[in-house]
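Chain and residue survey
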Amino acid sequence: MKFTEAAKTETEPGGRAGAGSCVPEPDRRYGGRFPWPFTWTTGVRQPPLNPGDMANLHERIGHLRPLWFEGCQLNVTHGLGVNRTVGASWTLSHVTPSGFRFGGQYQRRCNDHVLKTPLVAFDVNPSTLASNLQLLYRPFGSVCLEANLQLLPGGAGGAGGGCVVPLVEEVSLQHTGRSRTSTVRYSSTADAGYRVSVDHLVSLTDRLCVGMELLTECYRQVVQTGVAFASRYNRETWTLAATVSPEACDLSYWRKVSDTLQLGTSVVINQRRDRAVGSICYRFDHPDTVVRGSFDTDWTLGFTYGRKLTPAAFSACFSLLFCPPKNTFQCGFRIDLDSNLL
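So, here's what we can say about the structure. (Residues numbered from 1 in each chain as written. Predicted model: local features only at pLDDT ≥ 70, side-chain atom pairs only at ≥ 80, totals over all residues. Heavy atoms only, no water.)

We now examine the overall build of the protein chain. Of the regular secondary structure elements, the protein chain holds two helices and 21 strands. Here the protein chain, with 342 residues, has 24% of them falling under the buried criterion. Contacts in the protein chain between residues far apart in sequence, at least 24 positions, make up 31% of those at least 6 positions apart. For the protein chain, the computed accessible surface area is about 22600 Å², with 61% contributed by carbon and sulfur atoms. (Helix = DSSP H or I, 4+ residues; strand = E, 2+ residues; numbered from the N terminus. Buried < 20%, exposed > 50% of the residue type's maximum accessible area, 1.4 Å probe, protein only. Contact = heavy atoms within 4.5 Å. Areas by Shrake-Rupley, 256 points an atom, 1.4 Å probe, with all protein chains shown as cover.)

A few words now on the pairing of strand β1 (residues 71-79). Alignment of β1 against strand β21 (residues 328-338), held across seven bridges, turns out to be parallel. Considered in β21, the bridge of glutamine 73 is made with arginine 334. In this sheet, strand β2 (residues 84-92) lies alongside β1 in antiparallel orientation, the contact comprising eight bridges. Residue pairing in the sheet places glutamine 73 in a bridge with threonine 91 of β2. In sequence, β1 turns back onto β2 through a hairpin of four residues. (Pairing = 2+ DSSP bridges.)

One number sums up the size of the largest pocket: a volume of about 1500 Å³. Considering the residues around the largest pocket, the lining is formed by 39 residues, among which Arg195, Leu215, Ala248, Asn270 and Arg273 are closest to the centre. Elements with a contribution of two residues or more to the lining of the largest pocket: β10 (180-189), β11 (193-203), β12 (208-219), β13 (222-234), β14 (238-244), β15 (248-256), β16 (261-270) and β17 (275-286). Class assignment of the residues belonging to the lining of the largest pocket gives a composition of 15 nonpolar, 12 polar and 12 charged. Looking at the second largest pocket, its volume works out to about 620 Å³. Those elements giving two or more residues to the lining of the second largest pocket turn out to be β1, β2, β3 (99-107), β6 (119-124) and β21. Residue contributions to the lining of the second largest pocket peak at seven residues, all from β3. (1 Å grid on protein atoms, 1.4 Å probe; cavity = no way out; pocket = protein on both sides within 12 Å on 5 of 7 lines; lining within 4 Å. Points joined across faces, edges and corners; volume = space filled by probe spheres on them. Nonpolar A, V, L, I, M, F, W, Y, C, P; charged D, E, K, R; others polar.)

Taken as a whole and assessed by the stated rule, the structure comprises one cavity of 30 Å³ or more. Of the volumes computed, that of the largest cavity is approximately 40 Å³. For the lining of the largest cavity, the secondary structure elements donating two or more residues are α2 (59-62), β14 and β15. Per-class residue counts for the lining of the largest cavity are four nonpolar, three polar and one charged.

Turning our attention to the packing of aromatic side chains. Within this structure, the stated rule accounts for six aromatic pairs. A ring pair is formed by tyrosine 233 and tryptophan 238, whose centres lie 5.6 Å apart and whose planes are at 40°; its orientation type is tilted. Arranged with centres 6.2 Å apart and planes meeting at 70°, the rings of phenylalanine 322 and phenylalanine 329 form a pair that is edge-to-face. On the accessibility criterion, phenylalanine 322 (40% relative accessible area) is partly exposed. Overall, the relative accessible area of 56% leaves phenylalanine 329 in the exposed class. Clustering of aromatic rings is evident, with ring pairs tying together Tyr233, Trp238 and Tyr253. (Phe/Tyr/Trp six-rings, centres within 6.5 Å; stacked < 30°, edge-to-face > 60°.)

For the rest of this paragraph, the subject is the side chain of threonine 243. By the secondary structure assignment, threonine 243 is in strand β14. Since its relative accessible area comes to 18%, threonine 243 is described here as buried. Within the local environment of threonine 243, its side chain forms a polar contact with the side chain of histidine 58, the two groups lying 3.1 Å apart. In this view, threonine 243 contacts Leu57, His58, Ala228, Phe229, Ala230, Ala248, Cys249 and Asp250; residues no more than four positions away in its chain are not counted. (Polar contact = N/O pair within 3.5 Å; in protein donor to acceptor, adjacent residues only side chain to side chain.)

What follows concerns the pattern of salt bridges. For the coordinates displayed, the defined rule picks out 12 salt bridges. Residue arginine 101 pairs with aspartate 123 through a salt bridge whose shortest N-O separation is 2.7 Å. With arginine 101 in strand β3 and aspartate 123 in strand β6, the pair connects residues that are 22 residues apart, well separated along the chain. Judged by relative accessible area, which is 24%, aspartate 123 ranks as partly exposed. As a salt-bridge pair, arginine 275 and aspartate 298 come within 3.7 Å of each other at their nearest N and O atoms. You can see arginine 275 sitting in strand β17 and its partner aspartate 298 sitting in the loop between β18 (289-296) and β19 (301-309), a full 23 residues away along the chain. Each of Asp53, Glu170, Arg185 and Asp199 takes part in a single network of salt bridges with overlapping partners. (Salt bridge = Lys/Arg side-chain N within 4 Å of Asp/Glu carboxyl O.)

In structure tokens:
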């Protein structure tokens, strides 16, 4: 009874807390809807990120597709330092060129997790001296130059001249901004053809990006030009990307089901080649194990199984490709060895 009387003396008429009450008075700006501990805060909007280029628009589903190979392969790498690596490979196959190749890669050290260029990678066949050269150079932080070349001994200079004629496979110049990327790319095709493209991709928000590509292609002395539009929408667990042109359409959908399983599907329609293919692919990641598989509507079925053998210093990969309508069956086995771990 004494406690009730004391409470009445500390409370003003109308239910308002008096000076002696331990309950704070609510903020009148928000009325009676919210109690005192709740406050109004302004939202935070993340600025648009760099969207990449058109060539990597469907990269998430590309990481799910199996990397098929046929025959037997043995790859050995050895690091000479933080920025130098040498390696050798031996291939025995009926599909890809067989033989022995050796090469290396050089890159400058990383400063503050930023790769310093130039980066140079090459490999050569000792029997024919045919080699591949890859160059990546950033004169500025926002400008990147990339080139892929083939050196063919005695190409245009004749077999007796021994002249090394470089064959330009692809050259690209790219400007990277905070929320946009512009790329000019030249690549060679079969029958002395070429392909020149100019694309521009812009991030409207931190999830949505749109872009356009202008393309000029020469094949068998026939020049064709076209334009393509692209868009991609990203979420934490799924991504939808599309590339549309008057002659072709490419749609892809990627979804992360769990920490170990990713699924993807794509549809490619090409009116010029009169072809439409849909595919479903998956990737399963387990400690020291990666499984990739895909199934296409043209009845092409394949998968790759890779496993890193610990505490051994090598990893093994098994590849299988099967297509009954084309009467195709390819099987491959590869071993990757890192001599620094021996």
